[in-house]
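Residue-level listing of the chains:
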Amino acid sequence: IKIDHSFRIFFRKLVDENKKNSSFDLYFLLNLIFSILIESDKTEAIISDINLLEEVSSIYDFSKSIQDFSQVIDKHIEKIKKNDKINKMRYEAYRETIEKLMQVWGNGNRILCVNLPTGLGKTLINFSVALKIYDKIKFKKPKIIYCLPFLSIIDQSFNTISQIIDPQFVLKYHSLTELSKSFEEIKKKLEEKGNYTDLLNFDQEKFLIEDWESNIVITTFVQLFHTLVSNSNASIKKLNKLCNSIIILDEIQAIDPKYWKLIEKTINFLTETLDSYCIVSTATYPYIFEKVEFLSKPQLYIQNLDRFEVEIDLEPKTIENLLQIFEEQINNDNKTYLFIFNTIKSAKKFYQMIKNTDKTFLATSVIPKHRMQRINEIKQKKYRIVVSTQLIEAGVDIDFDVVVRDLAPLDSLNQSAGRCNRNFTKKGVFKIFKLVNEKNVKYSSYIYSSTLLSKTEEILKKYKIINEKKFYELLEQYYQELKVAQNKSDEFIQSISQLKYYSNDDNSISKFKLIDQEYPEIMIFIQVDKQAQEIWEKYQKALSLKDVFERKKEFEKMKSEFFEHVISLPYRIKNLPPFLNKENSSMGFISIDDLPHYYDIETGYITENDDFLII
């Protein structure tokens, strides 16, 4: 692409004018131009053969491979339609949402909201809405970009979508994406076509995956919003992919309230200027957007929901008190129990006090490999008692008779309640307690904003027992009353408007992080078994390579399985391996021989101060 002198003059005038009259939109327009330039440059340098790029795009283009693809979920929903109450409600929610989409299509509002109680099948509804929109604008060749807050639920959503659409058309992309696995299907297809196998080197695979060269991408909020607010070449490169796109923001309530205003402005720019659509999905709509078209009426379903009763006890209680309340029940009845705690310390303590052996433990102190194994076993009803931190709270499709939750902001409590009698089989109980440690400090205070907690207590303190319908009413009140400080959004909006890409200012564009890291961390590889030993040996061999690019290439091949054995810990914990320190190591290592000193197979990393939540 040649940029002549007149364009340079025009470009400079825009920037100079912006210094006088700050413009939020100019930042995005400049980044969009830069995105197109840098992507073109890298495409020419890395791919070189335009035919290869066209072949890959053709393989990923699901519209060419599915007849009437906008109808595929309609047909799937008809197949699973049943006579039981919850599936009837799921069917009605699906039908109502799609009908409303057809009614409002073309009215100019491009931010659409699917607001439905937990358990009513929002993943399929979201995707169907996206496919219907795709069918309307397919001449623009839009991308469907499905965004989720947590890595832990990306696989679950991918599996759900893959029941409908062949997985070869769906690209999973996040920080732990293993490039070689992501490209296996594409390589097979290219081999069938012939001529291109030798061209698919590591750099080409990496570029095509990172460039979202697919019609359907499942990714994280971090990947999306760090593309929108960034000074990084690698992130900005994808910005042009958001033009004409259909973006799904699932579980949007998980975004930190301090960024709501910034999120609203960026999404407004995408929909108003870059010709995109945004589908906002949540069980608890947090009023982020002023201009939004609701495709569903949650009240219609809430009034018919009676899946659980909410019992509220805000008198401070210790872990010992909690055990006294439940010990006899969990030992003598056949109900399933989920206990959700705010800190690893409180979760471990309660878990170790339970004598019943029909139990399992979930926290980020446990390596990801074992976490996912346990979540799958929980779905298969292998355990009657599960003790967890809030990592299980949003998006994980599990179901219990009784859910017990330490105090948290009301929207988080609602997410936890969504694990109680999720499938409407028999009346469940959701119990809320306020747990304190030996110093009478609330465990919740280590994790959540005092403002959110006090507002929650203020609303809940009037009640002892309420039904599910009332619980949703209180949640509505919570969002209406909550006056969230937006100063952080305002500061970043100002930096964006002033094109402040780099500066020592904490609010420059270069400093934006959707998830704040409040303390320095160290990653630790846990050698739990023979497979982990083999992975560590491969990692050491990769590190020994002299060529830095070859090292990176070899690590990319094993990245996914490597990080299945890695946890992140704050430096401030007391039981870090003695040879580690900030100056000379960024990756810790626990050998299988040292495991008893540092890692418990059931409860994870052994520390002396667990009053934190590892994100």
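Residues numbered from 1 in each chain as written. Predicted model: local features only at pLDDT ≥ 70, side-chain atom pairs only at ≥ 80, totals over all residues. Heavy atoms only, no water.

**Section: empty space enclosed by the protein**
Going through the model one piece at a time under the given rule, you end up with one cavity of 30 Å³ or more. As a volume, the largest cavity reaches approximately 40 Å³. Every residue along the wall of the largest cavity is listed here: Thr336, Ile378, Lys381, Tyr383, Asp399 and Phe400. In terms of residue class, the lining of the largest cavity is made up of three nonpolar, one polar and two charged. (1 Å grid on protein atoms, 1.4 Å probe; cavity = no way out; pocket = protein on both sides within 12 Å on 5 of 7 lines; lining within 4 Å. Points joined across faces, edges and corners; volume = space filled by probe spheres on them. Nonpolar A, V, L, I, M, F, W, Y, C, P; charged D, E, K, R; others polar.)

**Re the packing of aromatic side chains**
Scanning the entire structure with this criterion turns up 35 aromatic pairs. Between Phe430 and Phe471, the ring centres sit 6.0 Å apart and the planes meet at 65 degrees, which makes this aromatic pair edge-to-face. A residue pair is termed long-range when its members are at least 10 positions apart, and Phe430 in strand S13 (residues 428-435) and Phe471 in helix H20 (residues 468-481) qualify at 41 residues. The pair Phe430 / Phe471 is uniform in exposure class, with both members buried. Through successive ring pairs, a cluster of aromatic residues spans Phe525, Trp536, Tyr539, Phe555, Phe562, Phe563 and Phe589. We note Lys238 situated over the ring of Trp212; from NZ or CZ to the ring centre the distance is 5.2 Å. (Phe/Tyr/Trp six-rings, centres within 6.5 Å; stacked < 30°, edge-to-face > 60°. Helix = DSSP H or I, 4+ residues; strand = E, 2+ residues; numbered from the N terminus. Buried < 20%, exposed > 50% of the residue type's maximum accessible area, 1.4 Å probe, protein only. Lys NZ or Arg CZ within 6 Å of the ring centre and 35° of its normal.)

**With respect to the layout of surface pockets**
Approximately 970 Å³ is the volume attributed to the second largest pocket. Residue lining of the second largest pocket: 38 residues in total, with Gly121, Thr123, Thr160, Asp397 and Arg422 positioned closest to the centre. Secondary structure elements with two or more residues in the lining of the second largest pocket: helix H4 (72-80), helix H5 (85-104), helix H6 (122-137), helix H7 (154-162) and helix H17 (368-379). Top element by residues in the lining of the second largest pocket is H6. It accounts for five residues. The residue inventory of the lining of the second largest pocket, partitioned by class, reads 12 nonpolar, 15 polar and 11 charged.

**What to know about the environment of Lys237**
Among the structural elements, Lys237 can be located in the loop between helix H12 (233-236) and strand S5 (246-250). For the pair Lys237 and Ile33, spaced 204 residues apart in sequence, the C-alpha separation works out to 9.8 Å. Residues contacting Lys237, with those up to four places away along its chain left out, are Ser35, Ile38, Glu39, Lys42, Phe207, Glu210 and Asp211. (Contact = heavy atoms within 4.5 Å.)

**Digging into the pairing of strand S11 (residues 385-389)**
Here S11 lies mainly inside the structure; five of its five residues are buried. For strand S9 (residues 337-341) and S11, the ladder comprises five bridges, and the chain directions are parallel. Following the sheet pairing, Tyr337 is matched in S11 by Ile385. Pairing analysis gives four bridges linking strand S10 (residues 359-362) to S11, with the strands arranged parallel. Each residue of the ladder has a partner; that of Thr360, found in S11, is Val386. Viewed along the sheet, the connection from S10 through H17 into S11 turns out right-handed. (Pairing = 2+ DSSP bridges. Right-handed = clockwise from strand over helix to strand, strands pointing away.)

Any functional reading would require information that these geometric values do not contain.
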